[in-house]
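Observations on the model geometry
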Amino acid sequence: MSHSPAARRVPDALSRRRPTWLEIDLDALAANFRVLSEAAGGRPLWCVVKAEAYSHGAMACSRTLERAGAAGLVVALPEEGMALRRGGIRLPILLSGPLPAGGADPLLEHDITPALSRTEDLRRLEDAAARRGARASFHLEVDSGMTRMGLPPHRVDAFMQAAAGCTHCHLEAVFSHLASVHEPGDEAARRQLECFSDTVRHVRKLAGRDVPSHLASSPALCAFPQAACDMARPGLLLYGVSPAPTLNPPAGLAPVLSLRASLVLIQEVPAGVRVGYGGTWTSPADTCLGVISLGYADGLWRDCAGQAEAILDGKRVPYVGAVNMDLAQIDLGVGRHAQPGDVVTIIGCHGGEAITLEELATRTGRTVYEWLTNLGGRVPRLTYRSGRLDHVWTPIGSLSMEC
Ligand SMILES: Cc1ncc(COP(=O)(O)O)c(C=O)c1O
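What comes next is a walk through the structure. As the structure is a computational prediction, the values presented were derived from the model and not from experiment.

Within the largest apolar cluster, 113 residues are counted, with the highest numbers of intra-cluster contacts made by C47, L73 and V344. For this core, the element with the most residues is helix α1 (residues 26-39), which contributes 6 residues. Two domains each provide a minimum of three residues to this core, namely domain 1 (41-233) and domain 2 (257-393). Non-local contacts of L73, meaning those with residues more than four positions away in its chain, are made with W46, C47, V49, S62, L65, L84, I89, L91 and I93.

Here the focus is the sheet that holds strand β6 (residues 136-141). Sheet architecture is open: 7 strands sit in the order β2-β3-β4-β5-β6-β7-β8, paired in parallel fashion. Lying at the two open borders of the sheet, with one neighbouring strand each, are β2 (46-48) and β8 (213-214). Pairing of strand β7 (residues 169-175) with β8 involves 2 bridges; the strand directions are parallel. Paired with F175 across the strands is H214, a residue of β8.

What follows covers the site of the ligand. With respect to spatial proximity, the complete set of residues near the ligand consists of V48, V74, S96, H177, S217, S218, P219, R233, P234, G235, L236 and P243. In the shell around the ligand, the residues fall into 6 nonpolar, 5 polar and 1 charged.

Further remarks concern unusual backbone geometry. With the exception of glycine, most residues fall at negative phi, and the peptide bonds are largely trans. For A51, which is not glycine, the phi torsion reads 50° and is therefore positive. The topology assignment puts A51 in helix α2 (residues 50-55). Not every positive phi belongs to a glycine, and E52 is a case in point at roughly 55°. Tracing the chain through its elements places E52 in helix α2. Since 20 C-beta atoms lie within 10 Å of it, E52 is described here as buried.

Below, the discussion takes up the packing of helix α7 (residues 156-164) against helix α8 (residues 187-207). One way to put it is that α7 packs onto α8 with a least axis distance of 10 Å and a crossing angle of 30°. Crossing handedness for the pair α7 and α8: right-handed. Packed against α7, whose contacting residues are V156, D157 and M160, the element α8 presents T199, H202, V203, L206 and A207 at the interface. Its residues placed into classes, the contact of α7 with α8 shows 5 nonpolar, 2 polar and 1 charged.

Calculation criteria
Residues numbered from 1 in each chain as written. Predicted model: local features only at pLDDT ≥ 70, side-chain atom pairs only at ≥ 80, totals over all residues. Core = buried A, V, L, I, M, F, W, Y, C linked by C-beta atoms within 7 Å. Buried ≥ 20, exposed ≤ 12 C-beta atoms within 10 Å, placed from the backbone. Helix = DSSP H or I, 4+ residues; strand = E, 2+ residues; numbered from the N terminus. Domains from an automatic or database assignment. Contact = placed C-beta atoms within 7 Å. Pairing = 2+ DSSP bridges. Near = placed C-beta within 6 Å. Nonpolar A, V, L, I, M, F, W, Y, C, P; charged D, E, K, R; others polar. Axes fitted to C-alpha atoms, helices over the stretch in contact; angles between N-to-C directions. Left-handed = near helix turned anticlockwise from the far one by under 90°.

The following block contains the structure:
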């Protein structure tokens, strides 16, 4: 990232926090938004900010996306949408997940638009809106092959008939979600696309008007330009990460997030020493080990050792021994002259070397989505905007020594 600190020492802003941090570059997020707008042919983008904007911080990212010109935001939980409203976000917010168990009232109170796929939920929304004398919009999710939350196409007639009888609910858009896009031209995705466009045509006929449609999440934006429909719904690509090695993202995207930690302890060990829980690694020669304050409770998967590397001073260094809940060990080798306080880059660039989420996902047999959303709430976030440090926070808010 262009605006990060030199990644040579722990930023002063963390002097009373753990020496481990995520750098979030909001300028990169805004630039990625512009790249994706262009890739979607200028169509409106509904930006997916669920799961704390894939660990980047939902509030800061939503503000950035609002300023950048997003058409709306997508969350998975009612609570996520409500938190954005409390933070002052005014954009339309689509709840892609289920309605709250107690009914639709909290959504109406916070002006959150639900995605509906069942007539029972449509009735719950209609009842809640009627009680308040309000008008509620919703997006209809149809199942084109994901077999998850969408309305099966053979039930569209019954749903649309029920919708026609509603006086307080308004069908704002129709959408679907692709189950798999492994490569450009993926056959299953192509079948879903066909099913979706047939269903949209049918919904429009029944509604007697041109209901807007959306389908394209990140993989579809990479592989199927025709999936852009009337608007697109990207998450991952906004954060500058590619969904799969077989897909080519639009050119010009940059990662928004870097993860760094400083060495908290260094020790020399002779050859033949068993290291860490279970002694899963034995030093093959005299070497020097460094400890960082980052573990699997923070999203550094336990089996990174033996599979993944970090960067110290522009050079790659391997994790050794099993990663612990809060700590990990790195083999620094001999003659390196590292010192406690030196910064290790776990995800990101330093000195011409780069470790990407795509590499970590491939090496550990996980998806980039799992890597991102598992980056834990104990890790302080440093948010940069307009090239300057804008905000320091830890998602688990009680984890600060500053009060
Ligand atoms: C309904 C829906 N739309 C859009 C997205 C965004 O997907 P991506 O992050 O691949 O762009 C998701 C992600 O899970 C989703 O569930």
